[in-house]
Amino acid sequence: MKTWRIFVISSIFITGYCQDVNLTFPEHLKLGVATASYQTEGAWNANDKGVNVWDFWTHKYPSLIADESNGDVACDTYNKYKEDVQIIKNLGFNFFRLSISWSRILPSGLANEISKDGIQYYKNFITELIANDIEPVVSLYHWDHPQVIEEMGGWTNELIVDWFADYARIIFTELGPYVKIFTTINEPQIFCSQGYGSVKTAPGKLLQDVGPYLCGHNVLKAHAKVYHMYDDEFRATQRGQIGMALSASSHYPLDADDNVSPDTAFQFECGWFMNPIFIGDYPEIMKTRIDMISERQGYSESRLPRFTPEWIAYIKGTADYFGLNHYSSKIVEPDPEEEFNVYNTDEGIIHTRNSTWSMSATSWLWVVPEGFGNVLRKIKNDYGDPTIFVLENGYSDEGELDDYHRIEYYYSYLKELLIAVNRDGCKVERYAVWSILDNFEWSEGYTKKFGIIGVDFDNPSRNRTYKLSAKWWEKVLHTRTLLEVPRSSAPNNYTWSFMITACCIMSVFNYFHIFR
Ligand code: GBH
């Protein structure tokens, strides 16, 4: 009887611990960190660097930034990149995602004048990474185009397609020999809708309704042109991969029977760019809704511009991987006012959250680990099982050094990632932490921190400090296994439910034992 009892109790524990998930990172899944030029570099006027839209915007309208700050110095990565490379090497990350500042390479915005200093800075940075066994992953554009280009209309002027391609050719020529992964453009849906339809991000032009789609249209053309240029002029010798990065949330319906709203929300957020690239042309739901609403608003033509069949074919297939930035999820429902023929937004969706989701320091970032797995599976199913690079994933707080919540976030999200990869076969080959350093968080200034390394922004030397999450990551990287959140952290739901179940089963067993 006693042996039996021991057997039952130990099986409860064993089933508790041996979850059905393989928590080991497969060999082909490389782990890295991500940053962006304006958010980290500083040196905004070093040598001949030109002014970009974020320099101009933060200097002219400081009140639009939460703490009235800017990226003039930021993390001073421009001067401290060697120190950062050592940190990344010691932690054991496989790759480093950085972006290039267009106006540091082309002070006049255009290709007539190339900055030797700009090229040299990135060459030094990238060769330093390679010398330390860290793979460079390079974005050509993370929101900071030259102000002079903006004066000429920025992303709303179709000529930017050629200007961007000229800039890209210089990067491929100078840096392409060292770089195997390029991202053309980071999160166009954010800078197109917020930069050309609101004052949330530079250039902050209120071209409501029309501007965002015009921007998106030129982004897709510019991306495709650069992709084809890489194919024609560089791929044979450089043999790299090139794609675009989009942020995509998971969407859950408020009403379980609503099987339309989640996909509609996804199409307006991600399909806007990924449908033309992976499937061909804008998503049907965007075309029908924007056409219909534009007509009701009295426009003579749809606010969503159309591609010719030639452009549709030219854009389709221009990605060697699906670049995904993922942070959070949303609850969605149809806007009830549409029943009365009131159209408040093009997508016609109300976004809320589930009250059980815990929050970060950032208003839109709720912790919903299962949403990560969902979005990976949706990409696999909807876009033909592409290679996926997760190029950003992270959590914000107020800057605590004992950042248990950040570790819990990474633990729970990575577990979902491993389920999607090891169980469901999602082809994820890169995963990047956003971010290695606390940095300039756009309109939130330095008030929100995403780093696993803290930066002292009050100190001119911008000292770096390891947070607990960096130390946790170091262990994960050295074992290539997802490790439990350190003990002193509050038990998570899983631990609680496991303990309660174990107690119940044991009492039931005792009950029978006594009355037998
Ligand atoms: C990333 O974008 C950026 O690429 C990176 O530069 C940035 O530092 C990082 O996020 C952290 O913010 O629900 O209407 O309030 C994330 C893009 C922008 C996606 C805001 C979610 C919510 C808009 N996110 N968006 S809303």
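Residues numbered from 1 in each chain as written. Predicted model: local features only at pLDDT ≥ 70, side-chain atom pairs only at ≥ 80, totals over all residues. Heavy atoms only, no water.

Side chains that differ in sign of charge can pair as their charged atoms come close. Under the counting rule described, the total for this entry stands at 28 salt bridges. Here glutamate 158 ties to lysine 221 by a salt bridge, and the two come within 3.0 Å at their closest N and O atoms. Taken as a pair, glutamate 158 in the loop between α7 (147–151) and α8 (160–175) and lysine 221 in helix α10 (residues 211–238) lie far apart in primary sequence, 63 residues in all. For glutamate 158, a relative accessible area of 43% gives the class partly exposed. The shortest N-O distance in the salt bridge between lysine 380 and aspartate 385 comes to 3.4 Å. Here aspartate 385 falls in the partly exposed class, since its relative accessible area comes to 26%. One continuous salt-bridge network, built from bridges that share partners, spans Asp166, Arg169 and Glu233. (Salt bridge = Lys/Arg side-chain N within 4 Å of Asp/Glu carboxyl O. Helix = DSSP H or I, 4+ residues; strand = E, 2+ residues; numbered from the N terminus. Buried < 20%, exposed > 50% of the residue type's maximum accessible area, 1.4 Å probe, protein only.)

All right, on to helix α6 (residues 116–131) then. An ideal rise of 1.5 Å per residue puts 22 Å on 16 residues; α6 measures up with 22 Å between its terminal C-alpha atoms. For α6, every residue scored as buried is listed here: Gly118, Ile119, Tyr121, Tyr122, Phe125, Ile126, Glu128 and Leu129. Elements in contact with the buried residues of α6: α2 (37–40), α4 (77–91), β2 (95–99), α5 (102–105), β3 (135–141) and α8. Regarding α6, its N-cap is serine 115, as a side-chain oxygen of that residue lies 3.3 Å from the backbone nitrogen of aspartate 117 further along. (Expected span 1.5 Å × (residues − 1). Contact = heavy atoms within 4.5 Å. Polar contact = N/O pair within 3.5 Å; in protein donor to acceptor, adjacent residues only side chain to side chain.)

Near the ligand you find 14 residues, and of these Gln39, His142, Glu187, Glu441 and Trp442 are the closest. The contact in question runs from an oxygen atom of the ligand to an N or O atom on the side chain of glutamate 441, over 2.5 Å. Tryptophan 442 is positioned with one of its side-chain polar atoms (N or O) 2.8 Å from an oxygen atom of the ligand. Here the ligand, which alone exposes 590 Å², has 81% of that area covered by the protein. Residues belonging to the shell around the ligand are distributed by class as follows: 6 nonpolar, 4 polar and 4 charged. (Near = heavy atom within 4 Å. Areas by Shrake-Rupley, 256 points an atom, 1.4 Å probe, with all protein chains shown as cover. Nonpolar A, V, L, I, M, F, W, Y, C, P; charged D, E, K, R; others polar.)

In spatial order, the strands read β1-β2-β3-β4-β5-β7-β12-β13; together these 8 strands close into a barrel with parallel pairing. Adjacent strand axes in the sheet meet at a mean angle of 25° when their direction is disregarded. Sheet analysis places strand β1 (residues 30–34) next to β2, joined by 3 bridges and oriented parallel. Looking at the pairing, glycine 32 lines up with phenylalanine 95 of β2. (Pairing = 2+ DSSP bridges. Axes fitted to C-alpha atoms, helices over the stretch in contact; angles between N-to-C directions.)

What follows concerns the domain arrangement of the protein chain. By the assigned domains, the protein chain splits into domain 1 (1–23 + 494–516) and domain 2 (24–481). Taken over C-alpha atoms, the centre of domain 1 sits 46 Å from the centre of domain 2. The interface of domain 1 with domain 2 comprises 4 residues on the first partner and 9 residues on the second. Counting across the interface, domain 1 meets domain 2 through 0 salt bridges. At the junction of domain 1 with domain 2, the criterion picks out 2 residue pairs in polar contact (both at pLDDT 80 or more). Within the side of domain 1 that touches domain 2, the residues separate by chemical class into 2 nonpolar, 2 polar and no charged. (Domains from an automatic or database assignment.)

Direction vectors running N to C along helix α14 (residues 369–382) and helix α15 (residues 404–423) enclose 30°, while the axes themselves pass 7 Å from each other. Considering their axes alone, α14 and α15 lie roughly parallel with respect to each other. Crossing geometry of α14 relative to α15 is assigned as right-handed. From α14, Pro369, Glu370, Phe372, Gly373, Leu376 and Arg377 reach across to α15, where they touch Ser412, Tyr413, Glu416, Leu417, Ile419, Ala420 and Arg423. A breakdown of the residues in the contact of α14 with α15 according to their chemical character gives 7 nonpolar, 2 polar and 4 charged. (Parallel < 35°, antiparallel > 145°, perpendicular 65-115°, else oblique. Left-handed = near helix turned anticlockwise from the far one by under 90°.)

If you walk through the whole model with that rule in mind, you get 50 aromatic pairs. Judged by centre distance (5.5 Å) and plane angle (85°), the ring pair of tyrosine 38 and phenylalanine 440 falls under edge-to-face. One end of the pair, tyrosine 38, is in helix α2; the other, phenylalanine 440, is in the loop between β13 (428–433) and β14 (453–455), and 402 residues separate them in sequence. Judged by its relative accessible area of 0%, phenylalanine 440 is buried. Geometrically, the ring pair formed by phenylalanine 322 and tyrosine 383 is tilted, given 5.4 Å between the ring centres and 45° between the ring planes. Within this pair, whereas phenylalanine 322 is found in strand β7 (residues 322–325), its partner tyrosine 383 is found in the loop between α14 and β12 (388–392), the two being separated by 61 residues in sequence. In this pair, the class of phenylalanine 322 matches that of tyrosine 383, namely buried. (Phe/Tyr/Trp six-rings, centres within 6.5 Å; stacked < 30°, edge-to-face > 60°.)

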